[in-house]
Amino acid sequence: QVHVEESGRGLVQPGGSLTLSCAASGFTLPNYAIAWFRQAPGKGREGVACLTNTDGNTTYSDSVKGRFTISRDNAENTVYLQMNSLKPEDTAVYYCAADDARTVNFVRAMCIFYSGFHFWGKGTLVTVSS
């Protein structure tokens, strides 16, 4: 079964940077997607960034595009979320989610719609404040 665990919680001042890490394992199908979600106080869960393993395609929400970068290591065991120019509204619990599938098209759709993720980490808190 797929296992997901994120780390990198912290308190950051506005304009600062922070990198989160996600270790994902247990994939049994050839294609998978790994995504970062966040849930701010009083709001629903929002898809932030997504990556597919086959070609490394990435997608971002409009709210973080140009500030956040999702990437993976060469072994494809760990995915990172580099967050720059942080704003107070970025304060949230950040979740890493993952799932695998038989086809590339399916996992690409997962990143388009931020849907179909069945395996989730427990979340890590990021607070952006002065």
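Residues numbered from 1 in each chain as written. Predicted model: local features only at pLDDT ≥ 70, side-chain atom pairs only at ≥ 80, totals over all residues. Heavy atoms only, no water.

Caption draft 1: The arrangement of the packing of aromatic side chains in detail. Per the counting criterion, the structure on display carries five aromatic pairs. Ring centres of Phe37 and Tyr114 lie 5.7 Å apart, and the angle between their planes is 85°; on these two criteria the pair is classed as edge-to-face. Of this pair, Phe37 sits in strand E4 (residues 31-39) while Tyr114 sits in the loop between helix H1 (104-113) and strand E10 (119-120), placing them 77 residues apart in sequence. There is no split in this pair, since Phe37 and Tyr114 are both buried. Judged by centre distance (6.4 Å) and plane angle (75°), the ring pair of Tyr95 and Trp120 falls under edge-to-face. Note that Tyr95 is positioned in strand E9 (residues 92-101) and Trp120 in strand E10, a separation of 25 residues in sequence. Taking relative accessible area as the criterion, Trp120 reaches 30% and is therefore assigned partly exposed. Ring pairing ties together the aromatic residues Phe37, Tyr95, Tyr114, Phe117 and Trp120, which thus form one cluster. For Arg45, the ring lying beneath its charged end belongs to Tyr95, and the centroid distance is 4.1 Å. Directly above the ring of Trp120 sits Arg45, whose terminal nitrogen or CZ lies 4.7 Å from the centroid. (Phe/Tyr/Trp six-rings, centres within 6.5 Å; stacked < 30°, edge-to-face > 60°. Helix = DSSP H or I, 4+ residues; strand = E, 2+ residues; numbered from the N terminus. Buried < 20%, exposed > 50% of the residue type's maximum accessible area, 1.4 Å probe, protein only. Lys NZ or Arg CZ within 6 Å of the ring centre and 35° of its normal.)

Caption draft 2: Local environment of unusual backbone geometry. Of note in the backbone geometry, Ser85 takes a positive phi value of approximately 50° without being a glycine. Residue placement: Ser85 occurs in the loop between strand E8 (78-83) and E9. Relative accessible area serves as the criterion here: at 41%, Ser85 is assigned to the partly exposed category. In this structure, Tyr114 takes a positive phi of about 45° despite not being glycine.

Caption draft 3: Main features of the sheet that holds strand E3 (residues 18-25). The strand order across the open sheet formed by four strands is E1-E3-E8-E7, and the pairing between neighbours is antiparallel. Either end of the sheet is taken by a strand with one partner, and the two such strands are strand E1 (3-7) and strand E7 (68-72). Across the sheet, the mean angle from the axis of one strand to that of its neighbour is 15°, orientation sign disregarded. (Pairing = 2+ DSSP bridges. Axes fitted to C-alpha atoms, helices over the stretch in contact; angles between N-to-C directions.)

Caption draft 4: Geometry of the nonpolar core. Leu20, Ile34, Trp36, Phe68, Leu81, Met83 and Tyr94 are the most contacted members of the largest nonpolar core, which has 28 residues in total. Elements supplying a minimum of two residues to this core: E3, E4, strand E5 (45-52), E7, E8, E9 and strand E11 (124-128). Other than its neighbours up to four places away in sequence, Leu20 contacts Ser7, Gly8, Arg9, Trp36, Val79, Tyr80, Leu81, Met83, Tyr94, Thr124 and Val126. (Core = buried A, V, L, I, M, F, W, Y, C linked by side-chain atoms within 4.5 Å. Contact = heavy atoms within 4.5 Å.)

Don't take any of this as a statement about function, it's just geometry.
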